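Breakdown of the fold
Single-letter residue listing:
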Amino acid sequence: MYIYKTEILQVGMKWFSDKADTNDITVLDQFINEKAADGWELVTYDYMATSLQIKGAFVITFRKPK
């Protein structure tokens, strides 16, 4: 059995595109590696743009054994 934890990771402002960029991916990798060091395993993630399309976020779910 596992316990699950979902977090939101905000990304930088987007002025010309609502897509994730290389800086956002670097921040995501660092965040995932920090969680992995604490025993969390990545289950899934998704990038969500806001309705204004200037700021987005990753929704990330981790798990670890109970």
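Below is a summary of the structure that appears in this document. None of the values given here were measured: they were computed from a predicted structure.

Moving on: the nonpolar core. In terms of nonpolar packing, the biggest core is built from nine residues, these being Leu 9, Val 11, Leu 28, Phe 31, Ile 32, Trp 40, Phe 58, Ile 60 and Phe 62. Looking at this core, the elements that each hand over two or more residues are β1 (2-13), α1 (22-37) and β3 (55-65). Setting aside anything within four residues of it in sequence, one finds Leu 9 in contact with Val 27, Leu 28, Phe 31, Ala 57, Phe 58 and Ile 60.

Tallying each qualifying case throughout the model produces four aromatic pairs. Ring-pair connections join several aromatic residues into one group, and the members of that group are Tyr 45, Tyr 47 and Phe 58.

Parameters at a glance
- Counting restarts for each chain, with residues numbered from 1 along the sequence as it is written.
- Only residues with pLDDT of 70 or above have their local features reported here, since the model is predicted, and side-chain atom pairs are shown and tallied only from 80 upward, although totals for entire chains, interfaces and linings are computed over all residues.
- Side-chain figures throughout are based on the complete set of non-hydrogen atoms in the structure, without hydrogens or water.
- Residues belong to a common nonpolar core when they are buried Ala, Val, Leu, Ile, Met, Phe, Trp, Tyr or Cys residues joined through side-chain atoms within 4.5 Å.
- Only protein chains enter the accessibility calculation, which uses a 1.4 Å probe. A residue is then buried if its area is under 20% of the maximum for its type, exposed if over 50%, and partly exposed in between.
- Only runs of H or I of at least four residues qualify as helices and only runs of E of at least two qualify as strands under DSSP, and these elements are numbered from the N terminus.
- Whether two residues touch is decided by their heavy atoms; if any such pair falls within 4.5 Å, the residues are in contact.
- Stacked, tilted and edge-to-face are the three classes assigned to paired rings of Phe, Tyr and Trp, where Trp is represented by its six-membered ring and a pair needs centres within 6.5 Å; plane angles under 30 degrees give stacked, over 60 edge-to-face, the rest tilted.

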